[in-house]
Amino acid sequence: MSEPIQSPVFVGRREEIESLATLLRRAADGEPGFAIVAGEAGVGKTRLVTELAGQAADFGFTVLAGHCVELGAEGLPLAPLIDALRTLARTTARAELADVLGPARRGLGRLLPELDPGAELAQHQGAEPAADGLQVSQLLELVLGLLGRLSARRPLLLVLEDLHWSDQSTRELVSFLIRSMRGVRVVLLATYRSDELNRRHPLRPLIASWDRLRSVQHVELRRFEPGEVAAQLGAILGADPAAGLVDLVFDRSGGNAYLVEELAGLVRGGGDPADLPPSLADVLLSRVDALSPGAQRLLRTAAVAGRSVPDKLLAEVAGVGEAEFYAGLREAVESHLLVVDHTGRSYAFRHALTRDAVYEDMLPGERGGLHAAYGEALTRDPDLAGDDAAVPAALAHHWYAALDLPRALPASIAAARHAVTSFAPAEAQRHLERALEIWPRVPDAAERTGVDQAEVVRLAGEAAYQAGAIDRSLSLFDQALAGLPAEGDAVRRALVLDRRARTLRDTGREAESVATLEEALALLPADQVTRAHAVVLSSLAASLWRANDMDATMSLAARAVRAAREAGAVQQEAESSITLGSVRGYLNADDAGLENLRAGLTLATDIGAHFTALRAYVNISDVLELLGRHEEAVEAAREGIALADRVGLARSLGAFLTGNLAESLLRLGRWSEAEQLVTRAVNAMPEGVFAATVLQLRAELAVMTGRYRDADADVRAARRALGQTRDEQYALTLLYADALAALGQGDPAAARRLTAGGLADYGGAMSSRYVWPLLWLAARAEADEATRARDRREEIPDGAAARRRELASRAAEMATPSISSRGYRALVTAELARAAGEADPEPPMVGAWSAAARAWQAAAEPYPLAYTWLRLAEAAVAAGDRQEAGRAIRQAHALASRVGATPIAEEASALARRTRLSLDQPDADASAARPKPEDPLARYGLTEREREIVVLLAGGRSNPQIAEALFISPKTASVHVSNILAKLGVDSRVEAAAVAHRLGVTG
Ligand SMILES: Nc1ncnc2c1ncn2[C@@H]1O[C@H](COP(=O)(O)OP(=O)(O)OP(=O)(O)O)[C@@H](O)[C@H]1O
Ligand SMILES: [Mg+2]
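Being a predicted model, the structure only gives us computed values, none of them experimental. (Residues numbered from 1 in each chain as written. Chains lettered and ligands numbered in written order. Predicted model: local features only at pLDDT ≥ 70, side-chain atom pairs only at ≥ 80, totals over all residues. Heavy atoms only, no water.)

*Asks:* Explain the pattern of salt bridges to me, please; I cannot follow it from the model alone.
*Replies:* Once the charged atoms of two side chains with opposite charge are near each other, the side chains can pair. Within the structure shown, the criterion is met by 57 salt bridges. For R887, the salt bridge identified is with E884, shortest N-O distance 3.0 Å. Taken together, the residues span about one helical turn, with R887 and E884 both in helix α43 (residues 882-899) at a distance of three residues. Within this structure, D622, E663, R667, E700 and R769 form a network of salt bridges that share partners. (Salt bridge = Lys/Arg side-chain N within 4 Å of Asp/Glu carboxyl O. Helix = DSSP H or I, 4+ residues; strand = E, 2+ residues; numbered from the N terminus.)

Structure below.
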């Protein structure tokens, strides 16, 4: 074999290597690194990366690399990921591979079947994902998990080359990893050709956004200086080059490393540097021209295949005898124009620049003929393409380039179908739009493809939707509708309308979505029930729900469930049951809703519809929470989170469920557990509403514990994540956190403004859950402001009485479907009494606060309960009832301290100090005031805690219920109960309750 023309030594690039090696060292310590290496074609990006990869391997890194390929013959979406996975599969022992792949195996196996050998090859027919098929976002999360597991073993360098040729899914992957990698030992290094990015290149805005991140290092490779050219040339030629030669080569190559090599090759082949050809392409081609005609023909044949071509395919298309074939091949390899690629069975151009030059230099007729020959060969025997190449995309490309439109058309549609299963909806859309462009030129298009044009348009609309090109998808759906025959298939039209309506719903155009679905429904035959009915009805229920029309949602969802059942449409039955159950659950807070939700969950689980199942978990845990069944809500949320983890939805629906879980824990008083969970979820970097859900919960926790600055930061972050979303569950919860913080920091006027805004903007039936807490804070702000004015002997602020009346009437109008809403109503009443501050208020202050305390005891929520006890103590002091005051202040203080509600605990201590109430001795304060009233339980010697429990026993509460009401464990409750039975001298809790009733201690 001839001497290589590649420099055996690595020239220059000291600083670049140094700064990239720093990233490696940091990554080894757990801080992920990102680098982008840019530069013109042939300047030396790959060589730099290779050099770095060598160092990384020496440091003990795993190195996985892959490159994007031009979206032509080999247009394989996610190609660099597939390359990297292939290396992983081939360098990892089977058992270990299964471990690192973990839950990602199935999804990644769709990209590279050898990862998931057990799976049946997906026989994917439609160009739409299955109802709940894996989506790109899930794939990304699965890859993230894989990188985490891999890097837990050894640090990892992941190289993704040539992003200028990337498909949309690859770009999404890189962006996602840059945004989401935290605490993993990974360096992600991407390269791109800076001279390929024209103004409208889709990579441009992404690069700009990465450049704004300090964590991303951007290395711009420049051309070599004369000294470096001399070093490179010397290393290649094996001797110091003459000064004249260096000048000449520098002049002709401009310092581009690749051209230096090619020029060195020319010189060594005996060419005279003085007669070097004038243009770049000519420089590259001059070495090709030196080959025999047979070898040149072979090179041209290879160039048409793309950057690399399997030997069998090349032989087939070349169509020459074996001896001639191998002779030509050997010549091309010896002159370093072709190289054997890493599989050992394919040939690649040493450099894409030369391939392009050869390809461009061909005559159009020869080029077209060769494309057609590739098309024929691959149609005859797809195995020629090698193991996992994307034959459908290759065929589409070759037939189109051969201008054989009748064959390009079905090939494009097949390529689109393949792209859909390979997580590449944007590529699918591109293929379908190409098919649409060809369609009118192919007279028998429908016969060849087996579909009509409107169907292709619809498929394109669906692909565009999946790819996130919403506007495009809407106009494609409109075009599909326009293309459907006016008479005839109403069902088909209805189903396209359904897709259009879903797109509208997803973009917040609910009213249009509802109208579109009503139009679809009207098209369907009234005298029968088909799958189409089930589809349209279930969509309509979902759109009505999003449009906040609860009554209509309820009746439509019920109808949709019936229709789906009748038509045997399981997916739709599951969806509609969940919609129905949610509305019922939220509106009536009863068990009927839960039953529907659970039925939906079972159906969805049976058919493996993960999104739908997760939707069920979200709503089940939420409705249980609303019903005050916190423990069960925790359970449901946990189950859902486990599912989300398995299917790559941890950062989306999983984050949502974590929000639900943490909310239940918060209401249960398990704040540190809640805090840990949400912090972990926030660190996993969810986005949009999913980020907002966990951030707002953490903000609420922070306010309640008195960490106002943390709360403020989370509220802001949540609002940023939400963008334009005005959904009440976020908007009102964030306002609540803000207002609570304002009150905690002694700014009731600010709290008043914040709550007034929220109360004015929101009011539907669904909002009541979020409006109630806000209404409480509004009333509390009035009370705090009025109390302060009275303390300072100032005027009560203007309009206070009118505002109180308004708040009272708002509270009177609002429904109280849940236990906690009844608690809030009682709080509002008590706060408004406090605000009015009359000497002899009606209802009496102590009574109002005790009522609120009872309501919150029933709801078993520590935060409002501790607060209420605090105010009850205050009111009791004012009314001269020191015994009541003492008990309330102790309860407030103990509960607030236990859950971590520092501001309330502190306020309770302050009140106790001011009023000389004792926080730990039940008897001290009573003796300071009136004599004790007759205590019927006195002679039994019960402790204060036991007295509380007797009251609950008298109310027929079980041990778990007692535990929940008093924030103690069921075990502790049962110990107390046994002690009480012994002290009362009875054998059962029923008897104990009877004693309590007889003595009149029933709370
Ligand atoms: N620092 C270097 N020392 C020695 N040779 C180099 C150096 N940089 C590049 N080369 C040589 O120049 C040729 C082109 O370099 P390389 O393939 O890295 O370019 P590239 O920037 O990756 O180009 P493309 O954009 O086409 O992928 C290679 O054969 C490589 O060996
Ligand atoms: Mg390169």
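Here the narrative resumes.
*Asks:* Even after reading the chapter, I still don't get the packing of helix α42 (residues 862-878) against helix α44 (residues 902-915), so can you show me in this structure?
*Replies:* Describing two packed helices takes the angle between their axes plus the distance from one axis to the other. At a closest axis distance of 10 Å, the pairing of α42 and α44 adopts a crossing angle of 15°. Taken together, α42 and α44 sit at an angle that is classed as roughly parallel. Classified by chirality, the crossing of α44 by α42 is left-handed. Residues Y863, A866, Y867, L870, R871, A873, E874 and V877 of α42 pack against I904, E907, A908, L911 and T915 of α44. Here the residues of the contact of α42 with α44 sort into nine nonpolar, one polar and three charged. (Axes fitted to C-alpha atoms, helices over the stretch in contact; angles between N-to-C directions. Parallel < 35°, antiparallel > 145°, perpendicular 65-115°, else oblique. Left-handed = near helix turned anticlockwise from the far one by under 90°. Contact = heavy atoms within 4.5 Å. Nonpolar A, V, L, I, M, F, W, Y, C, P; charged D, E, K, R; others polar.)

*Asks:* Hey, could you run me through the sheet that holds strand β3 (residues 156-161) in this one?
*Replies:* The strands making up a sheet are joined through hydrogen bonds of the backbone, oriented either antiparallel or parallel. Strand order in this open sheet of five strands is β2-β3-β4-β1-β5, and the pairing throughout is parallel. The open sheet terminates on both sides in strands that have one partner only, identified here as β2 (62-67) and β5 (216-220). For this sheet the average axis-to-axis angle between neighbouring strands, irrespective of direction, equals 15°. As defined by bridge partners, strand β1 (residues 33-39) adjoins β5 across five bridges and the pair is classed as parallel. Within β5, the position partnered with V37 by the bridge is V219. On top of the sheet, helix α6 (residues 136-153) reaches β2, β3 and β4 (186-193); it is set at about 135° to β3, its chief contact. In this fold helix α7 (residues 168-180) packs onto β1, β3, β4 and β5, with an angle of close to 140° to the strand it touches most, β4. (Pairing = 2+ DSSP bridges.)

*Asks:* When you look at unusual backbone geometry in this model, what are you seeing that I'm missing?
*Replies:* Excluding glycine, a negative phi dihedral is what most residues carry, and trans is how most peptide bonds are arranged. Even without a glycine there, the phi angle at R13 is positive, about 60°. Of note, N548 is a non-glycine position whose phi angle comes to about 70°, a positive value. Topologically, N548 is positioned in the loop between α26 (531-546) and α27 (550-567). Since its relative accessible area comes to 45%, N548 is described here as partly exposed. (Buried < 20%, exposed > 50% of the residue type's maximum accessible area, 1.4 Å probe, protein only.)

*Asks:* Help me understand the packing of aromatic side chains in this model?
*Replies:* Each aromatic ring pair is summarised here by two numbers: the centre-to-centre distance and the angle between the ring planes. Counted under the stated rule, the structure contains eight aromatic pairs. When the ring of F325 is compared with that of Y326, the centres are 5.0 Å apart and the planes differ by 75°; the resulting orientation is edge-to-face. Judged by relative accessible area, Y326 falls into the partly exposed class, the value being 37%. Their ring planes at 70° and their centres at 6.2 Å tell us that W849 and Y867 sit as a pair that is edge-to-face. Of the two residues, W849 is situated in helix α41 (residues 845-859) and Y867 in helix α42; the sequence distance between them amounts to 18 residues. Look at W849 and you get buried, because its relative accessible area is 0%. Taking relative accessible area as the criterion, Y867 reaches 1% and is therefore assigned buried. (Phe/Tyr/Trp six-rings, centres within 6.5 Å; stacked < 30°, edge-to-face > 60°.)

*Asks:* Explain the environment of R350 here, please?
*Replies:* With respect to the helices and strands, R350 occurs in the loop between β8 (346-349) and α16 (352-361). For R350, a relative accessible area of 14% corresponds to the buried category. Along the chain, R350 and L338 lie 12 residues apart, while their C-alpha atoms are 5.2 Å from each other. If near-sequence neighbours (up to four positions away) are discounted, R350 is found in contact with I5, Q6, Y258, E261, E262, H336, L337, L338 and V339. There is a polar contact of 3.5 Å between the side chain of R350 and the backbone oxygen of H336. (Polar contact = N/O pair within 3.5 Å; in protein donor to acceptor, adjacent residues only side chain to side chain.)

*Asks:* Just checking my understanding: could you explain the site of ligand 1 for this structure?
*Replies:* Within the structure, ligand 1 sits among 23 residues, and K45, T46, R193, E261 and H351 are positioned closest to it. In this structure, R47 approaches ligand 1 through a main-chain N or O atom, which is 2.8 Å from an oxygen atom. Within the side chain of H351, a nitrogen or oxygen atom sits 3.2 Å from an oxygen atom of ligand 1. Contributions of two or more residues to the shell around ligand 1 are made by α2 (45-58) and α11 (257-268). In the shell around ligand 1, the residues fall into eight nonpolar, seven polar and eight charged. (Near = heavy atom within 4 Å.)

*Asks:* What exactly am I supposed to notice about the nonpolar core here?
*Replies:* With 127 residues, the main nonpolar core has L614, W776 and Y863 as its most contacted residues. The greatest single-element share of this core, amounting to 11 residues, is contributed by helix α36 (residues 728-744). Apart from residues no more than four positions distant in its own chain, Y863 is found in contact with W671, M704, Y736, L740, W776, A901 and I904. Within the second largest apolar cluster, 94 residues are counted, among which are L291, Y359, I413 and L517. (Core = buried A, V, L, I, M, F, W, Y, C linked by side-chain atoms within 4.5 Å.)

*Asks:* Please explain the pairing of β3 as it appears in this structure.
*Replies:* Each regular strand displays side chains that alternate between the two surfaces of the sheet. β3 sits mainly inside the fold: six of its six residues count as buried. Here β3 shows two buried faces, one formed by L156, L158 and L160 and the other by L157, V159 and E161. Here β2 runs beside β3; their pairing, made up of six bridges, is parallel. When the bridges of β3 are listed, L64 appears paired with L158. Bridging between β3 and β4 involves five bridges; their strand directions are parallel. What sits directly across from L160, in β4, is A190. Handedness of the crossover joining β3 and β4 through α7 is recorded here as right-handed. (Right-handed = clockwise from strand over helix to strand, strands pointing away.)

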